[in-house]
Amino acid sequence: MPVEGGSAGGGGGVRRAKQKRKSHSLSIRRTNSTEQERPGTLRDAVDAQDSKLPMSVRSNLLDLFGQIEREFENLYIENIELRREIDTLNDRLSADGQTVDGGDLTKGALKTKASHSTSQLSQKLKTTYKASTSKRSHSFHGKVGGPRNFSVGNWELWGDSWIVSSFKATTSRAVCQLVREYVGHRDGIWDVGVTRTAPVVLGTASADHSAMLWSIETGKCLLKYIGHAGSVNSIKFHPTEQMALTASGDQTAHIWRYMVQLPMAAPVPEVSAPCDEEVDFSDKDEVEGDPDGPSECPTLRLASATLRSHQGVVICADWLVGGKQAVTASWDRAANLYDVETSELVHSLTGHDQELTHCCTHPTQRLVVTSSRDTTFRLWDFRDPSIHSVNVFQGHTDTVTSAVFTMSDNVVSGSDDRTVKVWDLKNMRSPIATIRTDSAVNRISVSVGQRLIALPHDNRQVRLFDMAGVRLARLPRSNRQGHRRMVCCTAWSEDNPSCNLFTCGFDRQAIGWNINIPALLQEK
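Here the residue numbering is sequential within each chain, running from 1 through the sequence in written order. Local features in this predicted model are restricted to residues of pLDDT 70 or higher, and side-chain atom pairs are both shown and tallied only at a pLDDT of 80 or more, whereas totals for entire chains, interfaces and linings draw on every residue. The basis for the side-chain values is all heavy atoms of the structure; hydrogens and waters are excluded.

**Digging into the overall build of the chain**
Applied cut-off: Only runs of H or I of at least four residues qualify as helices and only runs of E of at least two qualify as strands under DSSP, and these elements are numbered from the N terminus. Burial classification: accessible surface area is computed with a 1.4 Å probe over protein chains only, and a residue below 20% of its type maximum counts as buried, one above 50% as exposed, and the rest as partly exposed. Throughout, a residue-residue contact means that at least one pair of heavy atoms, one from each residue, lies within 4.5 Å. Each accessible area value is a Shrake-Rupley result obtained with a 1.4 Å probe; residue values ignore everything except the protein chains displayed when judging cover.
Looking only at helices and strands, one finds seven helices and 32 strands in the chain. A buried classification covers 52% of the 524 residues belonging to the chain. Residue pairs at least 24 apart in sequence account for 57% of intrachain contacts in the chain once pairs closer than 6 positions are excluded. Total accessible area on the chain stands at roughly 23600 Å², and carbon and sulfur atoms take up 49% of it.

This is the structure we're talking about:
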């Protein structure tokens, strides 16, 4: 997800420079030539331009463009075939005086197909964005997956897969309401969190190299931390003190102290848009607001402590119970345990075969869980100072994007294989519940009191489930509310009276939601 070193810096200036070079941009048009002819045609088009790119870089770009074009061409052809089949089915049902519903679409020729090649290309593009170390002219706004082309009843066609995507409009509007949007970052937001001590504020970590603290009630930026030299990939708050821990693509984690003063609360806006009215935001690349960020926002540049020793992107960091130690997870395939007071490395936790994607600590015990692209997550036990045990759990078939603890003895893991699994710490041989979804799952969160799971998806949706795997709701997303790009993270704050759930995404905004949990559970 995030970017190393100087990959995301200078977004605005580079974007303006890109506009000046508009006359030299490459325009790719679909032709009737064969796939073998396409690369040559594209290279000829580029050679005709005054390009400053090295030949190797230009060749790689052309190959990627060719792959993308072929992938979309395949999706387009499949969608045309499915559209014809739907027309035939509708004509047949109309003759019988029937209508199309979800059950009909799951049978016969319209049975859902697996889109493995599309998923692979999407993951390649997402990883390329995270790992890029070169300057880029603009932000990549999510994955290639194909926009919604058409719908029938409660079913929609995303890419080449049919999925159920509707919920009762009246139910979701009454139970899940958008309260406030937090706009000010200049690039995608990877992580969101809420302080554990007063004053209670919202924190966001962004690919624009900054972390921001926000007033939950007013949406005003209270502080902007700009001490990192790379994408800020996660933010976590100290359990008892006014300190934040941020992980970055600059291969470090920073601990910094903050002091903020909350402004007067603003009135909560009325939101009445139908929750199931969905539109394609492909032409609306940016959220409304000041492109240069929030005005009159104090900035902080110096960290109280810097945690070093990783040889790759630090993707996530968290506090151990008590706040005297911190753990970091990196793309160098290791997780490190540090002493907060001295910033010294205490333990290096190795064993994963590929890059780490997330780490999480238990709220009351000295336990750490790390997730990885190697399809596993590992449980590290530091309760006994003399014995540090580790357990490896294999339950997914693709990258484990996050694994989090609950207040009880459970671990919940989410994956790019489009599943979320609930595990019992006392018996981790097999999950006690499995949630199957229609899109890759990013950084999940579990509420403390009612143990509700909030799932952020690549397809811009956010869904709520209970620990038994029962779907409770889908957050409203329409032409006036909700995320317009991939949703990266969710965070619960059940004690907050106005917003008890927060989400963030690659549309450069965080959103505060009010979830009527008693009503939600009553409707289950």
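**Thoughts on the pairing of strand β21 (residues 387–394)**
Operational definition: At least two bridges found by DSSP between two strands is the condition for calling them paired.
Pairing of strand β20 (residues 376–384) with β21, which is carried by seven bridges, proceeds in the antiparallel orientation. In the strand pairing of β21, T376 is matched with Q394. Hairpin connection between β20 and β21: a loop of two residues separates the two successive antiparallel strands.

**Overview of the nonpolar core**
What counts here: Only buried Ala, Val, Leu, Ile, Met, Phe, Trp, Tyr and Cys residues count toward a nonpolar core, and they belong to the same one when joined by side-chain atoms within 4.5 Å.
Counting 25 residues, the largest nonpolar core has F377, F405, V412, V420, I444, I453 and L455 as the members making the most contacts within it. Listing elements by their share of this core, those giving two or more residues are β19 (367–372), β20, β22 (400–405), β23 (410–415), β24 (419–424), β25 (433–436) and β27 (452–456). The element best represented in this core is β22, accounting for four residues. When residues no more than four places from it in sequence are discounted, the contact partners of I444 are S402, V404, V412, S413, G414, V420, A454, L455, P456 and T490. The next biggest cluster of nonpolar side chains, apart from the first, holds 22 residues, and it includes V192, C489, A491 and C499.

**A word on the UniProt feature "repeat: WD" (unreviewed entry) in the chain**
Keep this limit in mind: UniProt positions are given in the numbering used here, feature names are shortened, and annotations may be inferred rather than shown by experiment.
Under the UniProt annotation, "repeat: WD" (unreviewed entry) lies at residues 182–224, 225–256, 307–348, 349–390 and 393–433. Taken end to end, residues 225–256 is 0% helix and 53% strand, and its first and last C-alpha atoms sit 9 Å apart.

**As for the environment of L262**
Here L262 shows up in the loop between β11 (253–257) and β12 (299–300). Considered as a pair, L262 and P199 are 63 residues apart in the sequence and their alpha carbons are 7.4 Å apart. Non-local contacts of L262, meaning those with residues more than four positions away in its chain, are made with P199, V200, V201 and L222.

**What about the pattern of salt bridges?**
Selection rule: For salt bridges, the criterion is a side-chain nitrogen of Lys or Arg within 4 Å of an Asp or Glu carboxyl oxygen.
The full count for this structure, using the stated rule, is seven salt bridges. Salt-bridge contacts for D191 lead to R443; the nearest nitrogen and oxygen are separated by 3.7 Å. Highlighted residues: D191 in strand β5 (residues 189–194) and R443 in the loop between β25 and β26 (445–446), separated in sequence by 252 residues. Comparing D191 with R443, the two get one shared label, buried. In this structure, R383 and D381 form a salt bridge, with 2.7 Å as the shortest nitrogen-oxygen distance. Overall, the relative accessible area of 47% leaves R383 in the partly exposed class. On the basis of relative accessibility, which here comes to 16%, the residue D381 falls in the buried class.

**A closer look at a nonpolar patch on the surface**
This is how the line gets drawn: Residues enter a patch when their relative accessible area is above 30% and they make no salt bridge; the linking distance is 9 Å between like charges and 5 Å between nonpolar side chains (Val, Leu, Ile, Met, Phe, Trp, Tyr).
On the surface, a cluster of nonpolar side chains totalling about 290 Å² of accessible area is made up of L53, V57, L61 and F65. Within the secondary structure, F65 sits in helix α3 (residues 55–95). Since its relative accessible area comes to 32%, F65 is described here as partly exposed.

**Quick word on the sheet that holds strand β10 (residues 243–248)**
Keep this limit in mind: Convention adopted: a line fitted to C-alpha atoms gives each axis, helices being fitted over their contacting stretch, and angles between N-to-C directions are expressed from 0 to 180 degrees.
The strand order β9-β10-β11-β13 describes an open sheet built from four strands, whose pairing is antiparallel. Each having just a single partner strand, β9 (232–237) and β13 (305–307) make up the two edges of the open sheet. Each adjacent strand pair in this sheet contributes to an overall mean axis angle of 20°, direction not counted. Bridging between β10 and β11 involves five bridges; their strand directions are antiparallel. Looking at the pairing, A244 lines up with W256 of β11.

**Observations regarding the sheet that holds strand β14 (residues 314–319)**
One open sheet accounts for four strands, arranged β14-β15-β16-β17; its pairing is antiparallel. What marks the edges here is a single partner per strand, and that holds for β14 and β17 (345–350). Neighbour-to-neighbour, the strand axes of this sheet turn through a mean angle of 20°, independent of strand direction. Inspection of the sheet shows strand β15 (residues 325–330) paired to strand β16 (residues 334–339) by five bridges, in the antiparallel sense.

**Regarding the state of the cysteines**
Formally: Put simply, a disulfide is two cysteine sulfurs that come within 2.5 Å.
Evaluation of the coordinates by the stated rule reveals one disulfide. Sulfur-sulfur distance for the disulfide between C221 and C297 comes to 2.3 Å. Residue C221 is located in strand β8 (residues 221–225), and its partner C297 is located in the loop between β11 and β12; the two are separated by 76 residues in the primary sequence. Each member of the pair, C221 as well as C297, carries the same accessibility label: buried.

**What about the pairing of β8?**
For β8, the buried fraction is high: five of the five residues fall into the buried class. Taken together, the four bridges between strand β7 (residues 211–214) and β8 define a ladder with antiparallel strand orientation. Paired with L213 across the two strands is L223, which belongs to β8. From the end of β7 to the start of β8, which pair antiparallel, there are six residues, and G219 there has a positive phi angle of about 80°. Bridge count for β8 against β12 is two bridges, and the pairing is parallel. Opposite Y225, over in β12, you have L300 as the bridge partner.

**Thoughts on the packing of aromatic side chains**
Going by this rule: Working definition: rings of Phe, Tyr and Trp (its six-membered ring) pair if their centres are within 6.5 Å, and the pair is stacked with planes under 30 degrees apart, edge-to-face with planes over 60 apart, and tilted otherwise.
One pass over the full model with this rule turns up eight aromatic pairs. Both rings, one in Y225 and one in W256, keep their centres 4.6 Å apart while their planes meet at 5°; by these two values the pair is stacked. Separated by 31 residues along the polypeptide, Y225 in strand β8 and W256 in strand β11 bring together distant segments of the chain. Under the relative-accessibility criterion, W256 is labelled buried at 0%. The interplanar angle of 80° and the centroid separation of 5.9 Å between the aromatic rings of F237 and Y258 together place this pair among those described as edge-to-face. A residue pair is termed long-range when its members are at least 10 positions apart, and F237 in strand β9 and Y258 in the loop between β11 and β12 qualify at 21 residues. Each member of the pair, F237 as well as Y258, is classed as buried. Members of the aromatic cluster, joined through ring pairs, are Y225, F237, W256 and Y258.

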